[in-house]
Amino acid sequence: MKTLLALGASLWLAFIAAPAQADTPDYLNTLQASARASHLADDPAWSDLLQYEPYPVTGRLRSLADDPGFFNAPNGATNPAAELDATLARLFAPARPDTPDEHPQCRFPARYHWLKRRLAIEPARFPEQPCPRLDAWMKAINPAGVTLVFPSAYVNSPASMFGHTLLRIDAVGQTEATRLLAYTINYAAKADATDGFSFALKGLTGLYPGTLSSSPYYAKVREYSDMESRDVWEYRLNLGTDETRQLLRHAWEIGATRFDYWFFDENCSYMILRLLDVARPGLRVSQQFRWTAIPVDTVKGLVGVPGLVSDVTFRPSAGTELAHRASRLDNAQMDAAITVADGHSPPASLGSSTAAIEQLEFADRLVSFRGHAGKLEQDDALARLKTIQTTRSQLPAIDTGSVPVPPRPEAGHASGRFGLATGHLGGASALFLDLRPAYHDLLDPETGYARGAQIRFLDIGANWREGHGWQLERFLPVDIVSVAPRRSWTQPLSWKVRFGWERALGADRAASPMVAGGPGAAWEWSGLLGYVFLENQVLSHGDIKAGWSIGSGPLAGLLWDVGGRSRLQLEASRQWFVENRLDRSAARANLRTRLGPRDNFVAGYEWTRIELPSAEQQERRLSVGWQHYF
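Being a predicted model, the structure only gives us computed values, none of them experimental.

A. Representation of the state of the cysteines. Evaluated as defined, the whole model comprises one disulfide. Each disulfide pairs two cysteine sulfurs, and for Cys106 the partner residue is Cys131, the sulfurs being separated by 2.0 Å. Handedness of the Cys106-Cys131 disulfide follows from its S-S torsion of about -85°: it is left-handed. Taken together, the residues span a long stretch of sequence, with Cys106 in helix 4 (residues 104–107) and Cys131 in the loop between helix 5 (109–118) and helix 6 (132–141) at a distance of 25 residues.

B. Quick peek at helix 10 (residues 268–279). The end-to-end C-alpha distance of helix 10, which contains 12 residues, comes to 17 Å, matching closely the 16 Å that a straight helix rising 1.5 Å per residue would cover. Across the 12 residues that make up helix 10, a large majority, 12, are buried. Along helix 10, the residues that are buried comprise Cys268, Ser269, Tyr270, Met271, Ile272, Leu273, Arg274, Leu275, Leu276, Asp277, Val278 and Ala279. For helix 10, the N-terminal cap is Asn267; the gap from its side-chain oxygen to the backbone nitrogen of Ser269 is 3.3 Å.

C. Representation of a nonpolar patch on the surface. Nonpolar side chains collect at one region of the surface, where Leu420, Leu595, Phe601, Val624 and Trp626 lie side by side and expose about 430 Å² of accessible area between them. When you line up the elements, Leu595 lands in strand 20 (residues 583–596). Residue classification places Leu595 among the exposed positions, given a relative accessible area of 53%.

D. Structural detail: unusual backbone geometry. Cis geometry marks the peptide bond from Ala438 to Tyr439, where omega comes out at 0°. Relative to the helices and strands, Tyr439 resides in strand 12 (residues 438–440). Of note in the backbone geometry, Arg284 takes a positive phi value of approximately 50° without being a glycine. Structurally, Arg284 can be placed in the loop between helix 10 and helix 11 (295–303). The class for Arg284 is partly exposed, based on a relative accessible area of 25%. Of note in the backbone geometry, Ser526 takes a positive phi value of approximately 45° without being a glycine. Looking at the element boundaries, Ser526 is found in the loop between strand 16 (512–525) and strand 17 (528–540). By relative accessible area, Ser526 is classed as exposed at 83%.

E. Highlighting the environment of Thr391. Position of Thr391 relative to the elements: it lies in helix 15 (residues 378–393). Remark: the alpha-carbon pair of Thr391 and Ser352, spanning 39 residues in sequence, is separated by 9.4 Å.

F. Local environment of the sheet that holds strand 8 (residues 259–261). The seven strands lie next to each other as 8-6-5-4-3-7-9, forming an open sheet whose pairing is antiparallel. Only two strands of the sheet have a single partner each, and these edge strands are strand 8 and strand 9 (309–315). Averaged over all adjacent pairs, the angle separating strand axes in this sheet is 30°, with direction ignored. Both strand 6 (residues 208–216) and strand 8 contribute to a ladder of three bridges, which runs antiparallel. Bridged to Tyr208 within strand 8 is Tyr261. The sheet strands contacting helix 6 are strand 3 (143–151), strand 4 (166–171), strand 5 (183–189) and strand 6, and the helix crosses strand 5 at an angle near 115°. Across the sheet, helix 8 (residues 217–227) is in contact with strand 3, strand 4, strand 5, strand 6, strand 7 (232–237) and strand 9; its angle to strand 6 comes to roughly 115°.

G. Summary view of the pairing of strand 21 (residues 599–611). Note that strand 20 and strand 21 share 13 bridges and pair antiparallel. Bridged to Ala586 within strand 21 is Thr608. Taking the residues between adjacent antiparallel strands as the criterion, strand 20 and strand 21 are bridged by two residues. In this structure, strand 21 lies alongside strand 22 (residues 616–629), joined through 13 bridges in antiparallel fashion. The residue of strand 22 that forms the bridge with Trp607 is Arg620. Hairpin connection of strand 21 to strand 22: four residues between the antiparallel strands.

H. Layout of the environment of Leu472. Relative to the assigned elements, Leu472 resides in strand 14 (residues 469–482). Residue classification places Leu472 among the partly exposed positions, given a relative accessible area of 36%. Once residues within four sequence positions are removed from consideration, Leu472 is found in contact with Ile460, Gly461, Ala462, Arg503 and Ala511.

I. Just the environment of Asp441, in detail. Here Asp441 shows up in the loop between strand 12 and strand 13 (453–465). Using a relative accessible area of 6% as the deciding quantity, one classes Asp441 as buried. Spatially, the C-alpha atom of Asp441 lies 18 Å from that of His164, the residues being 277 residues apart in sequence. There is a polar contact of 2.9 Å between the side chain of Asp441 and the side chain of Arg417. Here the side chain of Asp441 touches Leu443 through a polar contact of 2.9 Å, landing on its backbone nitrogen.

J. Spatial organisation of the pattern of salt bridges. If you walk through the whole model with that rule in mind, you get 52 salt bridges. Residues Arg168 and Asp170 are paired through a salt bridge, measuring 2.6 Å at the closest nitrogen-oxygen approach. Just as Arg168 is buried, Asp170 falls in that class too. With a shortest N-O distance of 2.8 Å, Arg451 and Glu446 are connected by a salt bridge. Among the charged side chains, a network of salt bridges with common partners joins Arg168, Asp170, Glu176, Arg179, Glu234, Arg236 and Arg315.

K. Just the side chain of His541, in detail. The residue His541 is located in the loop between strand 17 and strand 18 (548–562) in this model. Only 3.1 Å separates the side chain of His541 from the backbone nitrogen of Asp543, close enough to count as a polar contact. Not counting chain neighbours up to four residues away, the residues in contact with His541 comprise Leu505, Arg509, Ala510, Ser512 and Gly547.

L. Structural view of helix 15. Here helix 15 spans 22 Å end to end across 16 residues, near enough to the 22 Å set by a 1.5 Å rise per residue. Inspection of helix 15 places Ala381, Arg384, Leu385, Ile388, Thr391 and Arg392 among the buried residues, and these make up the whole buried set. Mapping the buried residues of helix 15 onto a view down its axis gives an arc of 130°, with all of them on the same face. Turned more than 90 degrees away from the buried face of helix 15 sit Asp379, Lys386 and Ser393, all of them exposed.

Reading guide: rules and limits
- Residues numbered from 1 in each chain as written.
- Predicted model: local features only at pLDDT ≥ 70, side-chain atom pairs only at ≥ 80, totals over all residues.
- Heavy atoms only, no water.
- Disulfide = S-S within 2.5 Å.
- Helix = DSSP H or I, 4+ residues; strand = E, 2+ residues; numbered from the N terminus.
- Expected span 1.5 Å × (residues − 1).
- Buried < 20%, exposed > 50% of the residue type's maximum accessible area, 1.4 Å probe, protein only.
- Polar contact = N/O pair within 3.5 Å; in protein donor to acceptor, adjacent residues only side chain to side chain.
- Patch = residues over 30% accessible without salt bridge, like charges linked within 9 Å, V, L, I, M, F, W, Y side chains within 5 Å.
- Areas by Shrake-Rupley, 256 points an atom, 1.4 Å probe, with all protein chains shown as cover.
- Salt bridge = Lys/Arg side-chain N within 4 Å of Asp/Glu carboxyl O.
- Pairing = 2+ DSSP bridges.
- Axes fitted to C-alpha atoms, helices over the stretch in contact; angles between N-to-C directions.
- Contact = heavy atoms within 4.5 Å.
- Arc of directions from axis to C-beta.

Everything listed here is a matter of geometry and, on its own, says nothing about what the molecule does.
Have a look at this one:
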């Protein structure tokens with residue numbers, strides 16, 4: 001009897017399941033036909049899901065993904081319609097009880113979610129598959145909203161010279177006290193270079209793979225704020241829970257996919273914008289950045305979308321916090337606090353006054369700062385902190401004020417710059433053209449940028465002179481200068497590096513390959529920023545006997561802010577080269593006055609003396625012109 005009942009139940013289950021199984025091909029055909037009739041493959045949201053972008057010249061679509069596993073059709077990287085058909089077919093694949101997470105619905109959850117809504121797929125006719133790993137990840141994150149995080153530029157790290165953007169996924173019920181526990185979505189180059197030259201070369205040519213990762217926010221804050229001393233800005237976005245979950249589904253899709261990382265366009269900030277475009281169909285903020293996606297510019301793009309940013313929070317770095325506390329101490333108090341931080345005096349020697357409490361708190365943060373920077377052994381740092389904090393705990397709490405909030409990054413100038421000037425060069429009338437796609441130099445307005453940091457990429461200069469026509473003055477793929485002022489409590493190293501082609505031997509000789517750079521030091525006094533460098537250079541030129549030469553010599557400079565709109569730069573340098581008795585001396589003065597948010601008036605004078613065995617040449621350059629940021 002039991003056998004008959006079991007057989008009957010099996011036949012009944014097979015009977016009710018048979019129509020659905022038999023209906024699957026027909027229903028799939030119906031969905032594909034519906035998608036074609038509604039031109040669903042032409043929907044911008046489908047392009048965003050597949051990372052399609054038009055080629056710059058032809059306009060033909062191609063996906064930014066460089067991994068065939070991201071597609072379901074053989075030609076899915078360039079054919080949105082074929083990819084949509086193939087995706088629908090794969091989503092109907094049989095269940096995989098042993099490996100459920102490998103089912104296409106789990107591999108492509110964002111596409112599945114979007115197609116299910118757009119085609120009004122009937123759950124009863126479409127077998128839904130379990131996705132244990134995806135569900136567990138989503139449950140751990142518990143998403144409710146999204147915050148864009150912008151750590152400021154860090155010139156001492158090749159991967160962070162332009163700043164960076166990532167996303168914090170805010171959890172349900174999150175408070176200010178628990179936001180450090182939230183998860184982040186971060187896209188970065190999987191780089192192996194530790195110097196700016198190698199990173200720039202590989203980054204400019206797409207030789208690094210880009211990878212998406214997720215980690216707790218407190219780990220990122222420790223990395224950016226404590227270890228690298230970078231200020232962090234948080235932009236809370238008006239994205240709802242459903243939009244945030246779709247963003248995470250898409251992040252899951254691209255997490256295992258290779259994308260070639262390109263320094264200027266397909267970079268961290270651009271991929272973050274693409275994620276936001278998927279979260280909110282129609283946003284398409286990434287389309288503002290077809291050619292370049294400098295992080296600070298993408299922040300401006302998001303802030304410019306009406307209603308997208310609901311709140312902005314500033315998180316000062318350990319260095320900024322330390323500088324604020326240092327500003328509250330006079331020289332004698334500072335020296336005594338540093339002596340305690342160095343372990344040369346006991347904390348109790350400072351006394352118990354309000355000033356002593358501020359000195360103790362400064363000493364505490366200085367030890368932590370040095371520990372994070374690797375300038376103190378961990379055991380030594382912990383021992384000093386324990387002694388300082390024990391003394392501090394016996395004294396009352398005081399108000400040390402809050403760190404002043406600087407201008408927001410989006411308040412700064414645009415990263416691209418074009419310049420046109422007229423003047424004289426080598427005794428002849430001249431025109432001067434300059435183009436800098438990215439991103440900031442020492443004469444630019446500092447609002448929104450790191451003080452003393454110059455980062456120029458693909459900088460081009462040309463001139464036209466009577467009787468000579470147009471000539472290339474310089475082409476510098478990389479030109480970086482870090483002018484870091486020294487203080488009583490920190491003595492950072494200034495440095496510079498550049499490479500490319502320069503007209504190094506005068507206006508009458510062609511631009512030639514060179515690599516230059518060297519260490520330096522800087523000081524600041526009441527708005528004046530002074531610096532010195534030992535500038536070393538390898539120069540190649542046909543007028544040099546051996547074809548190339550190595551030179552070295554000092555360079556000294558001064559930056560002076562004149563009023564609130566102008567900056568004057570004065571520099572003098574001398575280099576001696578080992579070959580051919582080549583000596584070079586130069587003195588220059590440059591003035592920049594801001595005319596408006598996007599325009600500058602500029603003027604410059606430069607005197608150069610070049611001494612070769614065959615001749616000595618002196619040359620003067622005078623220019624007056626205009627610069628425009630774009």
